[in-house]
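# Breakdown of the fold
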Amino acid sequence: MDQQIRRDIIAIALTNLIEGINLSLEDNETCPNNTEDKEYLEFLSSQAALILKEMADDDTNIPISKPKWDELTNR
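Conventions we followed
- Residues numbered from 1 in each chain as written.
- Predicted model: local features only at pLDDT ≥ 70, side-chain atom pairs only at ≥ 80, totals over all residues.
- Heavy atoms only, no water.
- Axes fitted to C-alpha atoms, helices over the stretch in contact; angles between N-to-C directions.
- Helix = DSSP H or I, 4+ residues; strand = E, 2+ residues; numbered from the N terminus.
- Parallel < 35°, antiparallel > 145°, perpendicular 65-115°, else oblique.
- Left-handed = near helix turned anticlockwise from the far one by under 90°.
- Contact = heavy atoms within 4.5 Å.
- Nonpolar A, V, L, I, M, F, W, Y, C, P; charged D, E, K, R; others polar.
- Patch = residues over 30% accessible without salt bridge, like charges linked within 9 Å, V, L, I, M, F, W, Y side chains within 5 Å.
- Areas by Shrake-Rupley, 256 points an atom, 1.4 Å probe, with all protein chains shown as cover.
- Salt bridge = Lys/Arg side-chain N within 4 Å of Asp/Glu carboxyl O.
- Lys, Arg positive; Asp, Glu negative; His and termini not counted.
- Charge placed at Lys NZ, Arg CZ, Asp CG, Glu CD.
- Buried < 20%, exposed > 50% of the residue type's maximum accessible area, 1.4 Å probe, protein only.
- Core = buried A, V, L, I, M, F, W, Y, C linked by side-chain atoms within 4.5 Å.
- Expected span 1.5 Å × (residues − 1).
- pLDDT = per-residue confidence, 0-100.
- Polar contact = N/O pair within 3.5 Å; in protein donor to acceptor, adjacent residues only side chain to side chain.

It is worth spelling out the packing of helix α1 (residues 3–26) against helix α2 (residues 35–58) at this point. One way to put it is that α1 packs onto α2 with a least axis distance of 9 Å and a crossing angle of 150°. Considered as vectors, α1 and α2 are oriented roughly antiparallel to each other. Considering the relative orientation of α1 and α2, their crossing is left-handed. Here Arg 7, Ile 10, Ala 11, Leu 14, Thr 15, Leu 17, Ile 18, Ile 21, Asn 22, Ser 24 and Leu 25 of α1 lie close against α2, whose contacting residues are Lys 38, Leu 41, Glu 42, Leu 44, Ser 45, Ala 48, Ala 49, Ile 51, Leu 52, Met 55 and Asp 58. Here the contact of α1 with α2 is composed, by residue class, of 14 nonpolar, four polar and four charged.

What follows is the structure, encoded as structure tokens:
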């Protein structure tokens, strides 16, 4: 698989992960009641955003904009 295609797939997958985690944290019905679980999900979201930012610093052709990542992690 082409390296650029691989990076694009990783960027999209990480963005979807961030969005899914943040949506579940906002939804009282699906959000875990356990504080430890919430902290773990928030940690995963922030780490995925960090990976995306590092990828964007290395490659400006990633199709997802940095401001959206920042917005998703600051909910």
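Having seen the model, we can carry on.
A word on a negative patch on the surface. Taken together, the side chains of Glu 36, Asp 37, Glu 39 and Glu 42 present a region of like negative charge at the surface. For Glu 36, the position within the fold is in helix α2. On the basis of relative accessibility, which here comes to 60%, the residue Glu 36 falls in the exposed class.

Below, the discussion takes up the nonpolar core. Membership of the largest hydrophobic core is limited to seven residues, which are Ala 11, Leu 14, Ile 18, Ala 48, Ala 49, Leu 52 and Met 55. Listing elements by their share of this core, those giving two or more residues are α1 and α2. Of all the elements, α2 adds the most residues to this core, at four residues.

Moving on to a nonpolar patch on the surface. Taken together, the side chains of Met 1, Ile 5 and Ile 9 present a nonpolar region at the surface, about 330 Å² in accessible area. By the element assignment, Met 1 lies in the segment before α1.

So, on to α2. With 24 residues, α2 ought to run about 34 Å at 1.5 Å a step, and its terminal C-alpha atoms sit 35 Å apart, in line with that. Every buried residue of α2 is accounted for by Leu 41, Ser 45, Ala 48, Ala 49, Leu 52, Met 55 and Ala 56.

Assignment of secondary structure puts Ser 24 in helix α1. Not counting residues up to four positions away in its chain, the partners in contact with Ser 24 are Thr 30, Cys 31 and Leu 41.

On to the confidence of the model for the chain, then. Per-residue pLDDT for the chain has a mean of 80; in total, 77% of the residues score no lower than 70. Here helix α3 (residues 66–73) is the element of the chain with the lowest mean pLDDT, 56, and α1 is the one with the highest, 89.

For α1, with 24 residues, the first-to-last C-alpha span of 35 Å sits near the 34 Å given by 1.5 Å per residue. Buried residues of α1: Ala 11, Leu 14, Thr 15, Ile 18, Ile 21, Asn 22, Ser 24 and Leu 25, and no others. Put simply, Asp 2 is the residue that caps the front of α1, since its side-chain oxygen is 2.7 Å from the backbone nitrogen of Gln 4.

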